[in-house]
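# Chain and residue survey
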Amino acid sequence: MRSNKYIALMQERLDWCIQTERYEMAARLRDLIVYETTDDEEFKRQYYLDLLKKYAPESPEFYQRMKEKYKL
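This report concerns the structure included in the present document. Computed from a prediction, not measured in an experiment: that's the story for all the values here.

How each quantity is defined
Residues numbered from 1 in each chain as written. Predicted model: local features only at pLDDT ≥ 70, side-chain atom pairs only at ≥ 80, totals over all residues. Heavy atoms only, no water. Core = buried A, V, L, I, M, F, W, Y, C linked by side-chain atoms within 4.5 Å. Buried < 20%, exposed > 50% of the residue type's maximum accessible area, 1.4 Å probe, protein only. Helix = DSSP H or I, 4+ residues; strand = E, 2+ residues; numbered from the N terminus. Contact = heavy atoms within 4.5 Å. Expected span 1.5 Å × (residues − 1). Polar contact = N/O pair within 3.5 Å; in protein donor to acceptor, adjacent residues only side chain to side chain. Axes fitted to C-alpha atoms, helices over the stretch in contact; angles between N-to-C directions. Parallel < 35°, antiparallel > 145°, perpendicular 65-115°, else oblique. Left-handed = near helix turned anticlockwise from the far one by under 90°. Nonpolar A, V, L, I, M, F, W, Y, C, P; charged D, E, K, R; others polar.

In this structure, I7, M10, L14, C17, A26, L29 and I33 together form the largest nonpolar core, which totals 7 residues. Elements supplying a minimum of two residues to this core: α1 (4-19) and α2 (23-36). Of the residues forming this core, the biggest block, 4 residues, is contributed by α1. Aside from chain neighbours lying at most four places away, what touches C17 is R22, M25, A26 and L29.

So this is what it looks like as C-alpha cells:
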C-alpha cells in the first residue's frame, strides 16, 4: 500500500475536483484511491481489470493480455 501522504494528497485533489466540478477527474482519482488503499491482492487484480475496461475500452487486446496474466 502507498504512503499515507500520497493517499492524503490524492484525497485533497479529489476534494478540489469535486468543488470545481471536474467530475471525470474526480471519478478517476476515486478509483485510484480505492486501488491504492486495497490490501486484498485478488480484489486488486480484479479491480485493475475493471479499471482497464472502464478507462481503456479502445485497447481490448491489452485488457485480454492482462486478464490472462492475472488468470481471471
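Once the structure has been displayed, the description carries forward.
This part covers helix α3 (residues 41-55). With 15 residues, α3 should reach 21 Å at 1.5 Å per residue; the first-to-last C-alpha distance of 21 Å fits that figure. Looking only at α3, the buried set comprises K44, Y47, L49, L51 and L52. Buried residues along α3 sit against α2 and α4 (60-69). Capping of α3 at its N-terminal end is provided by D40; its side-chain oxygen lies 3.1 Å from the backbone amide nitrogen of E42.

All right, on to the packing of α1 against α2 then. Relative to each other, α1 and α2 sit at 155°, their axes nearing to 8 Å. With respect to their mutual orientation, α1 and α2 come out roughly antiparallel. Considering how the two elements wind past one another, α1 and α2 form a crossing that is left-handed. For the pair α1 and α2, contact is made by Y6, I7, M10, Q11, R13, L14, C17 and I18 and by Y23, M25, A26, L29, R30, L32, I33 and E36, respectively. Its residues placed into classes, the contact of α1 with α2 shows 12 nonpolar, 1 polar and 3 charged.

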